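These are the residues of each chain, in order.
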Amino acid sequence: MSTTRMRKMKADGIPISMITAYDYPSARLAEQAGVDVILVGDSLGNVVLGYESTLPVTLDDMIYHTKAVTRAVSRPLVVTDLPFLTYHGTIDHTLTQVGRIMREGLGQAVKMEGGIEIAQTVDAIVKAGVPVMGHIGLTPQSVFQIGGYKVQGKTSAQAQKLLDDALALEQAGAFAIVVELVTDELSELLTRRLSIPTIGIGAGKHCDGQVLVFHDVLQYTADPVPKKFVKAYANLGDHIRDGIARYVQEVKARSFPAEEHSFHTDLELGQLYGHHRDESDKE
Ligand code: KIV
């Protein structure tokens, strides 16, 4: 998968599938399932590291997890989130951060949240040879400024701003844009106005592709929180809890390990019990 292939998919009306992954097994499974793009999202903070938001996620966290994902896959394009405040300083500083993702994490592309205000930075990163995916609408790194996880683009002023942001990102060279938590009508408009693909999350059916968080798709969580825009295709949380509970039960009952899990020897080990072997053992 490549950025040019994604653009061709848009032109040909072929939907693009994208999912997050943060480690080797989840990335391998996503590739085997045929996913087109893997996002090493900073949702890592919420779903894997146990933070309340994505803000505490560091560049080192993203590099560490990108390395695990890129080791796992060969076909899907791997996109890594630039974490909070790593791209708002000087262009030189930003390019150093991006360079670390590409060199140390073996990343293939980066994703950045924002619109017009980051367009110049996007342009510089693209000119440095790194593909950039934009992210507009509900941008979780600005959740405290936005005032919560709310649907965006509901007023005409907001809709105009999001269109201007999307066009600025396209103009700056972004190869695709994630559109998060916006109305169906607005994402349809954005998808028609842009020549680069839109990838929706909570943005209805008109986008050129869809992205969801791995742990939401599979309900791989101990404490599921229902979200209107998520469809769960499995319930790993229940399977995992049940599996571990049965293991614990069998350990307590001494029914695991059973004969088939055990190894034997013909050696006579009696004398090795030494002083620790009590009288009943000796008989
Ligand atoms: O970090 C993430 O998982 C994301 C998706 C929600 C698009 O940015």
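You'll find the structure just up there.
Cut-offs used in this document
Residues numbered from 1 in each chain as written. Predicted model: local features only at pLDDT ≥ 70, side-chain atom pairs only at ≥ 80, totals over all residues. Heavy atoms only, no water. Near = heavy atom within 4 Å. Polar contact = N/O pair within 3.5 Å; in protein donor to acceptor, adjacent residues only side chain to side chain. Areas by Shrake-Rupley, 256 points an atom, 1.4 Å probe, with all protein chains shown as cover. 1 Å grid on protein atoms, 1.4 Å probe; cavity = no way out; pocket = protein on both sides within 12 Å on 5 of 7 lines; lining within 4 Å. Sits in = over half its atoms within 2 Å of the grid points. Nonpolar A, V, L, I, M, F, W, Y, C, P; charged D, E, K, R; others polar. Buried < 20%, exposed > 50% of the residue type's maximum accessible area, 1.4 Å probe, protein only. Helix = DSSP H or I, 4+ residues; strand = E, 2+ residues; numbered from the N terminus. Arc of directions from axis to C-beta. Contact = heavy atoms within 4.5 Å. Points joined across faces, edges and corners; volume = space filled by probe spheres on them. Salt bridge = Lys/Arg side-chain N within 4 Å of Asp/Glu carboxyl O. Pairing = 2+ DSSP bridges. Axes fitted to C-alpha atoms, helices over the stretch in contact; angles between N-to-C directions.

What should I look at first to understand the site of the ligand in this one?
Near the ligand the following residues occur: Thr20, Leu39, Gly41, Asp42, Ser43, Asp81, Lys111, His135, Val178, Glu180, Ile201 and Val213. Here an oxygen atom of the ligand sits 3.1 Å away from a polar atom, N or O, in the side chain of aspartate 42. In this structure, aspartate 81 approaches the ligand through a side-chain N or O atom, which is 3.1 Å from an oxygen atom. When the ligand sits alone it has 260 Å² of accessible area, and the protein chains cover 96% of it. Under a 2 Å grid-point criterion requiring more than half of the atoms, the pocket assigned to the ligand is the largest pocket. Per-class residue counts for the shell around the ligand are four nonpolar, four polar and four charged.

Would you mind showing me how to read helix α9 (residues 184-193) here?
Listed in full, the buried residues belonging to α9 are Leu186, Ser187, Leu190 and Thr191. Looking straight down α9, one finds that the buried residues subtend no more than 135° of arc, so they occupy a single side. Residues of α9 that are exposed and point more than 90 degrees away from the buried face comprise Glu185 and Arg192. Residues of α9 that are buried make contact with α1 (3-12), β5 (132-137), α8 (156-172), β6 (176-180) and β7 (198-201).

Please clarify how the layout of surface pockets should be interpreted in this entry.
Empty space left among the atoms is revealed by rolling a probe the size of a water molecule over them. Looking at the largest pocket, its volume works out to about 820 Å³. In this structure, the largest pocket is lined by 36 residues; those nearest its centre are Ser43, Asn46, Val47, Asp216 and Lys227. When contributions to the lining of the largest pocket are tallied by element, the ones reaching two or more residues are α3 (44-47), β4 (109-113), β6, β8 (209-212) and α10 (214-217). Along the lines of polarity and charge, the residues of the lining of the largest pocket split into 17 nonpolar, ten polar and nine charged. The computed volume of the second largest pocket comes to approximately 640 Å³. Along its surface, the second largest pocket is lined by 26 residues, and Gln210, Val211, Leu212, Val217 and Phe229 are the ones closest to its centre.

For this particular structure, what's the right way to read the side chain of threonine 20?
Mapped onto the elements of the fold, threonine 20 is located in strand β1 (residues 16-20). Those residues in contact with threonine 20, other than ones at most four positions away along the chain, are Leu39, Ser43, Leu212, Val213 and Phe214.

Honestly, the pattern of salt bridges in this entry has me stumped. Any pointers?
Opposite charge on two side chains permits pairing when their charged atoms draw close. In total, this model carries twelve salt bridges according to the counting rule given. Of the charged contacts, one joins lysine 8 and aspartate 12 as a salt bridge, the two residues approaching to 2.6 Å between their closest N and O atoms. Of the two residues, lysine 8 and aspartate 12 both sit in helix α1, four residues apart, roughly one turn of that helix. Residue class for aspartate 12 comes out partly exposed when judged on its relative accessible area of 42%. Put simply, lysine 10 and aspartate 208 hold a salt bridge, and the shortest N to O gap is 2.8 Å. Separated by 198 residues along the polypeptide, lysine 10 in helix α1 and aspartate 208 in the loop between β7 and β8 bring together distant segments of the chain. For lysine 10, a relative accessible area of 15% puts it in the buried group. A cluster of three or more residues bridged by salt bridges with shared partners is formed by Asp60, Arg100 and Glu104.

Honestly, the sheet that holds β1 in this entry has me stumped. Any pointers?
What links the strands of a sheet is backbone hydrogen bonding, and the strands pair in either a parallel or an antiparallel sense. Ordered in space as β1-β2-β3-β4-β5-β6-β7-β8, the eight strands form a closed barrel in which the pairing is parallel. Strand-to-strand twist in this sheet, taken as the mean axis angle between neighbours without regard to direction, amounts to 25°. With four bridges connecting them, β6 and β7 associate as parallel partners. Within the sheet, the bridge partner assigned to isoleucine 177 lies in β7 and is threonine 198.

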